[in-house]
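# Structural overview
As a plain string of letters, each chain reads:
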Amino acid sequence: MLMTDLKGQVALVSGAGSEAGIGMAIARRLGAAGARLIVTASSQRIVERVAELRAEGFEVEGRPVDLTDEGQVREFGVWAESLWGQVDILVNNAGMAMQGSPEPFSALAQMGLHEWNLSIARNLTTAFLLTRTVLPGMQARHYGRIVNISSTTGTRGSNPGEAAYSAAKAAMVGMSMGLALEVAKQGITVNSVAPGWIATASSLPEEAEAARFTPIGRAGSPHEVAAAVAFLASPESSYITGEVLVVDGGNSRVENKAP
């Protein structure tokens, strides 16, 4: 049952290019709650996602944008606000990988500066640029919900080869906490959702195997992440800000993860 009523609100969701990904699940959940949707991704496949969402009955617009490019983000923000005159909800989900450019995995000692900067840009700078673009409108209206999709990687644990990704996702939480204090008296909340093992089209076999050893015994679904986002994006979460909601089946609470 959907307890959240977002009728009359506009939700912008980044990183919605994958048909079976977390971004699309979030868009569907917010749309089902009544929000008008703006979706984006780094490639033209967002056009297909917009068509799918429209076929499902949602009011949605979307277009591709490189969220690591300041100029493109500024232009996109102007376009997004022009559609319905506002953006009430921002979900920064973009990151991890761009189509045709997987997330670099490298030991820190062998990592080049380009690889480091790429990971930071796509996993952290994207959220900074898009948030900075829509924030003035939220401040003017004295209302907004910003939800950043972080990860348990970097905030609860990590893996070899993921130092850069971990740094970006941990920094996203730090950014959220700082911003939450800056806008707390302006009717704007800023929170993070940290997914653990989530079954998506990009999940690797070893990730699916690792998910079997969570306390719940399975990977989570994009829909379960979307449910957490929908709550934090709703008026019901008005007294929650600067927080991190972990969605990992209890995995980060287990010290001994051996079979």
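As the structure is a prediction and not an experimental result, all values here were calculated from the model. (Residues numbered from 1 in each chain as written. Predicted model: local features only at pLDDT ≥ 70, side-chain atom pairs only at ≥ 80, totals over all residues. Heavy atoms only, no water.)

Before going further, it helps to spend a moment on unusual backbone geometry. Of note, His 142 is a non-glycine position whose phi angle comes to about 60°, a positive value. The topology assignment puts His 142 in the loop between helix H4 (113-141) and strand S5 (144-149). (Helix = DSSP H or I, 4+ residues; strand = E, 2+ residues; numbered from the N terminus.)

Within the structure shown, the criterion is met by 1 aromatic pair. Ring plane angle 35° and centroid distance 5.6 Å describe the contact between Phe 76 and Trp 79, whose orientation is recorded as tilted. With Phe 76 and Trp 79 both in helix H3 (residues 70-84), this residue pair falls 3 residues apart, about one helical turn. (Phe/Tyr/Trp six-rings, centres within 6.5 Å; stacked < 30°, edge-to-face > 60°.)

Our next topic: the nonpolar core. Ile 26, Leu 30, Val 39 and Val 193 are the most contacted members of the largest nonpolar core, which totals 34 residues. Mapped by element, the contributors of at least two residues to this core are strand S1 (10-13), helix H1 (22-32), strand S2 (36-41), helix H2 (45-55), strand S4 (89-92), S5 and helix H7 (222-232). Listed in part, the 23 residues of the second largest apolar core include Leu 12, Ala 94, Leu 135 and Leu 179. (Core = buried A, V, L, I, M, F, W, Y, C linked by side-chain atoms within 4.5 Å. Buried < 20%, exposed > 50% of the residue type's maximum accessible area, 1.4 Å probe, protein only.)

Here we come to the pairing of S5. With 6 of 6 residues buried, S5 lies mostly within the body of the structure. Of the two faces of S5, the one holding Gly 144, Ile 146 and Asn 148 and the one holding Arg 145, Val 147 and Ile 149 are both buried throughout. Direction of pairing for S4 relative to S5: parallel, over a ladder of 4 bridges. In the sheet register, Leu 90 faces S5, and the bridge partner there is Ile 146. The pairing of S5 with strand S6 (residues 188-195) spans 6 bridges and is parallel. Across the sheet, Asn 148 pairs through a bridge with Ser 192, a residue of S6. (Pairing = 2+ DSSP bridges.)

Okay, helix H5 (residues 163-183) next. The terminal C-alpha atoms of H5 lie 30 Å apart, and with 21 residues this matches the ideal 30 Å at 1.5 Å per residue to within 8%. Of all the positions in H5, only Ala 164, Tyr 165, Ser 166, Ala 168, Lys 169, Met 172, Val 173, Ser 176, Leu 179, Ala 180 and Val 183 are classed as buried. The inward-facing, buried residues of H5 abut S4, H4, S5, S6 and strand S7 (244-247). (Expected span 1.5 Å × (residues − 1). Contact = heavy atoms within 4.5 Å.)

So, about the environment of Ala 184. Inspection of the secondary structure puts Ala 184 in the loop between H5 and S6. Overall, the relative accessible area of 43% leaves Ala 184 in the partly exposed class.

It is the contact of H1 with H2, at a shortest axis distance of 11 Å, that shows an interaxial angle of 30°. By the angle between their axes, H1 is roughly parallel relative to H2. Considering the relative orientation of H1 and H2, their crossing is right-handed. Counting all contacts with H1, which are made through Met 24, Ala 27 and Arg 28, the residues of H2 involved are Arg 49, Glu 52 and Leu 53. Residue composition of the contact of H1 with H2, grouped by class: 3 nonpolar, no polar and 3 charged. (Axes fitted to C-alpha atoms, helices over the stretch in contact; angles between N-to-C directions. Parallel < 35°, antiparallel > 145°, perpendicular 65-115°, else oblique. Left-handed = near helix turned anticlockwise from the far one by under 90°. Nonpolar A, V, L, I, M, F, W, Y, C, P; charged D, E, K, R; others polar.)

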